[in-house]
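Examining the three-dimensional arrangement
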Amino acid sequence: MTEVAAARRSRITPEREAELYEAVLDLLREVGYDALTMDAVAARTRSSKATLYRQWGGKAELVVKAIRHTKHGRLDEIDTGSLRGDLHALVRLEDDCTIQQNSALMRGVAMAMHHNADLREAFRSQLVEPEMSGFHQVIQRAIDRGEVRADCPALDFLLHMMVGGFATRALLDDQPPTQAFLTSYIDAVVLPALGVSIP
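Residues numbered from 1 in each chain as written. Predicted model: local features only at pLDDT ≥ 70, side-chain atom pairs only at ≥ 80, totals over all residues. Heavy atoms only, no water.

1. Notes on the overall build of the chain
- Each helix and strand in the chain was counted, giving ten helices and zero strands.
- Secondary structure elements of the chain occur, N-terminal to C-terminal, as α-α-α-α-α-α-α-α-α-α.
- For the chain, the spread of C-alpha atoms along the principal axes amounts to about 65 × 40 × 30 Å.
- For the chain, contacts bridging at least 24 residues in sequence account for 67% of all contacts bridging at least 6.
- Carbon and sulfur atoms make up 54% of the accessible area of the chain, which amounts to about 11300 Å² in all.
- If you average the places of the 23 positive and of the 28 negative side-chain charges in the chain, the two averages end up 6 Å apart. (Helix = DSSP H or I, 4+ residues; strand = E, 2+ residues; numbered from the N terminus. Contact = heavy atoms within 4.5 Å. Areas by Shrake-Rupley, 256 points an atom, 1.4 Å probe, with all protein chains shown as cover. Lys, Arg positive; Asp, Glu negative; His and termini not counted. Charge placed at Lys NZ, Arg CZ, Asp CG, Glu CD.)

Structure, rendered in structure tokens:
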């Protein structure tokens, strides 16, 4: 078989890719990262294990790409004209049901990252770094508009604050994060820390 024919055979349609990612996330919710196997993914999706490895290389890459696939919109595409508007728009990208599902999923993946270096690396390169890049663009626009001082010390902790509000809601209050909670948190904690006044 020629290389062109091999490439054509291994190509996966966007619809099939979305199916695979949904199945991976379902398995992840059912058994957790450590118990999830490529054999289980292959069986659930009626795929060959060889195809999965050829397309994604391994479990860590497949899981992270499946998580990334669920993200609706990108922060660097949001531009409402104000930092408050941009952060609120970010929260509105997902409804409360999706936020709750993703919160539980991310807690499980975060625990697995402690002892899986390949998962930690894939997560950082494919999710954390793009998100940080998007945050930097949003903040730069806020600085350019004069909303935030370029030397504001809280700028270095913006992403930490956002992730902290999301992650600790379940830990401290035993409740999932919601749009209402996250927008209130942004107004009460994040924006004041950045010196942004709320109208």
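Still more to cover.
2. Looking at helix H9 (residues 158-173)
- If you check H9, its first and last C-alpha atoms are 22 Å apart, about what 16 residues at 1.5 Å a residue would give, namely 22 Å.
- At Ala-167, H9 is deflected by roughly 35 degrees, the largest bend along its length.
- Every buried residue of H9 is accounted for by Leu-158, Met-161, Met-162, Gly-165, Arg-169 and Ala-170.
- Its buried side turned inward, H9 meets helix H6 (83-91), helix H7 (96-113), helix H8 (117-145) and helix H10 (179-193). (Expected span 1.5 Å × (residues − 1). Bend = angle between axes of the 7 residues up to and from the residue. Buried < 20%, exposed > 50% of the residue type's maximum accessible area, 1.4 Å probe, protein only.)

3. Some details on the pattern of salt bridges
- Within this structure, the stated rule accounts for 13 salt bridges.
- We note a salt bridge from Asp-79 to Arg-145, for which the minimum N-O separation is 3.8 Å. One end of the pair, Asp-79, is in the loop between helix H5 (59-69) and H6; the other, Arg-145, is in helix H8, with 66 residues separating them in the sequence.
- Residue Asp-79 is classed as partly exposed on the basis of its relative accessible area, which comes to 48%.
- By sharing partners, the salt bridges in this structure join Asp-79, Asp-86, Arg-141, Arg-145 and Glu-147 into a single network. (Salt bridge = Lys/Arg side-chain N within 4 Å of Asp/Glu carboxyl O.)

4. Some remarks on H6
- Among the nine residues of H6, eight are classified as buried, and the element is accordingly described as predominantly covered.
- If you check which residues of H6 are buried, you get Leu-83, Gly-85, Asp-86, Leu-87, His-88, Ala-89, Leu-90 and Val-91.
- As for H6, its buried residues are in contact with H7, H8, H9 and H10.

5. What to know about the nonpolar core
- Core analysis: the largest hydrophobic core is formed by 27 residues, its most contacted members being Leu-28 and Leu-119.
- For this core, the secondary-structure elements that each account for two or more residues are helix H2 (14-35), helix H3 (38-45), helix H4 (49-56), H5, H7 and H8.
- With seven residues, H2 is the single largest residue contributor to this core.
- Residue contacts for Leu-28: discarding those within four places in its chain leaves Tyr-33, Leu-36, Val-63, Leu-105 and Val-109. (Core = buried A, V, L, I, M, F, W, Y, C linked by side-chain atoms within 4.5 Å.)

6. Concerning the environment of Glu-131
- Relative to the elements of secondary structure, Glu-131 occurs in helix H8.
- Judged by its relative accessible area of 27%, Glu-131 falls in the partly exposed class.
- Each C-alpha atom, one on Glu-131 and one on Arg-46, is 33 Å from the other, the two residues being 85 residues apart in sequence.

7. A closer look at the packing of aromatic side chains
- Inspection of the entire model under this criterion finds two aromatic pairs.
- Taking 5.8 Å as the distance between ring centres and 65 degrees as the angle between the ring planes, the aromatic pair formed by Tyr-21 and Trp-56 counts as edge-to-face. With Tyr-21 in helix H2 and Trp-56 in helix H4, the pair connects residues that are 35 residues apart, well separated along the chain.
- Using a relative accessible area of 6% as the deciding quantity, one classes Trp-56 as buried.
- With centroids separated by 6.2 Å and ring planes inclined at 20 degrees, the aromatic side chains of Phe-181 and Tyr-185 adopt a geometry described as stacked. Of this pair, Phe-181 and Tyr-185 both sit in helix H10, four residues apart, which is roughly one turn of the helix.
- For Tyr-185, a relative accessible area of 18% translates into the label buried.
- The aromatic ring of Tyr-33 is capped on one face by Lys-59, whose charged end is 4.2 Å from the ring centroid. (Phe/Tyr/Trp six-rings, centres within 6.5 Å; stacked < 30°, edge-to-face > 60°. Lys NZ or Arg CZ within 6 Å of the ring centre and 35° of its normal.)

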